[in-house]
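Architecture and fold: a report
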Amino acid sequence: MLQKYIIQVIAAGLGAGGYSILFNIRRDKLLFASAGGSLAWIIYVLASQFTANAFITNMLASAFATLYSEILARIKKAPTTVFLIPSVMPLIPGGGLFYTMSAVISNDTALFEKYFVTTIETALGISIGIMFMSLIGVKLVKKGISKL
């Protein structure tokens, strides 16, 4: 059981690393951007152990990824998006979008509704987690970093 989660975390890190390379992130920041994807997926997996709600699990994971990105942006003196975009990439509901469109094409209304709702919950969870932590986390990080 644990092996499944370890493979998922490694895959999330590799996926985030692939997007980091695609976005031409510098080598000194590449490892940190990749680690953000793995860490966000760890939070997602931990949250999914307590609730099956796609909105809550993705909101918590993306809020953590945003806080992680804000902290690293100040430490590494880089824009937050350098770390944020790769960190949230593993959370994006690609499979949900595929199955939603597949249900539309096959004219399966019940299946469409199921996947559509889950996909929208996931997308809203990611965006609200980023917005919430961007508003609150910036103030926390500035206070914490200024004390160092």
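Analysis parameters
Residues numbered from 1 in each chain as written. Predicted model: local features only at pLDDT ≥ 70, side-chain atom pairs only at ≥ 80, totals over all residues. Heavy atoms only, no water. Salt bridge = Lys/Arg side-chain N within 4 Å of Asp/Glu carboxyl O. Helix = DSSP H or I, 4+ residues; strand = E, 2+ residues; numbered from the N terminus. Buried < 20%, exposed > 50% of the residue type's maximum accessible area, 1.4 Å probe, protein only. Expected span 1.5 Å × (residues − 1). Arc of directions from axis to C-beta. Patch = residues over 30% accessible without salt bridge, like charges linked within 9 Å, V, L, I, M, F, W, Y side chains within 5 Å. Areas by Shrake-Rupley, 256 points an atom, 1.4 Å probe, with all protein chains shown as cover. Contact = heavy atoms within 4.5 Å. Phe/Tyr/Trp six-rings, centres within 6.5 Å; stacked < 30°, edge-to-face > 60°. Lys NZ or Arg CZ within 6 Å of the ring centre and 35° of its normal.

1. Description of the pattern of salt bridges
For the structure on display, the rule yields two salt bridges. Linking K29 and D28 is a salt bridge whose minimum nitrogen-to-oxygen distance equals 3.2 Å. Here E70 and R74 are joined by a salt bridge, their closest N and O atoms 2.9 Å apart. Placement of both E70 and R74 in helix α3 (residues 54-76) is noted, with a separation of four residues, approximately one turn of the helix. For E70, a relative accessible area of 6% puts it in the buried group.

2. Section: helix α5 (residues 94-105)
Along its 12 residues, α5 runs 17 Å from first to last C-alpha, staying within 8% of the 16 Å computed at 1.5 Å per residue. Among the residues making up α5, those that are buried are G96, T100 and A103. Down the axis of α5, the smallest arc covering the buried residues is 65°, so these residues share one side. Seen from the buried face of α5, the exposed residues on the opposite side, beyond 90 degrees, are F98 and I105.

3. Here's the deal with helix α4 (residues 81-88)
Among the eight residues in α4, six count as buried, and that is most of the element. For α4, every residue scored as buried is listed here: V82, F83, L84, P86, S87 and V88.

4. Things to note about a nonpolar patch on the surface
On the surface, F116, V117, I120, L124, I128, M131, F132, L135, I136 and L140 cluster together to form a nonpolar patch covering roughly 920 Å² of accessible area. Within the element layout of this structure, I120 appears in helix α6 (residues 109-146).

5. Description of unusual backbone geometry
At N24, a position not held by glycine, the phi torsion is positive, near 55°. Topologically, N24 is positioned in the loop between α1 (2-22) and α2 (27-50). For K77, which is not glycine, the phi torsion reads 55° and is therefore positive. The topology assignment puts K77 in the loop between α3 and α4.

6. Digging into the side chain of S34
Structurally, the position occupied by S34 is in helix α2. With residues near it in sequence (within four places) discarded, S34 still touches G13, A16, G17 and S20.

7. A short note on the environment of V88
In this fold, V88 is placed in helix α4. The exposure class assigned to V88 is buried, which follows from its relative accessible area of 8%. Distance in space between the C-alpha atoms of V88 and A40 is 7.1 Å, their sequence separation being 48 residues. Among all residues touching V88, those that are not within four sequence positions of it are S62, A65 and I130.

8. Remarks on the packing of aromatic side chains
The geometry of an aromatic ring pair is captured by two quantities: the separation of the ring centres and the angle between the planes. With the rule as written, the count across this model stands at six aromatic pairs. Measuring from ring centre to ring centre gives 5.3 Å for F98 and Y99, while their planes differ by 70°; the resulting arrangement is edge-to-face. In this structure Y99 comes out as partly exposed when scored by relative accessible area, which is 42%. Every member of this aromatic cluster is reached through a ring pair, and the members are F98, Y99 and Y115. In this structure, K114 packs its charged tip against the face of Y115, placed 5.0 Å from the ring centre.

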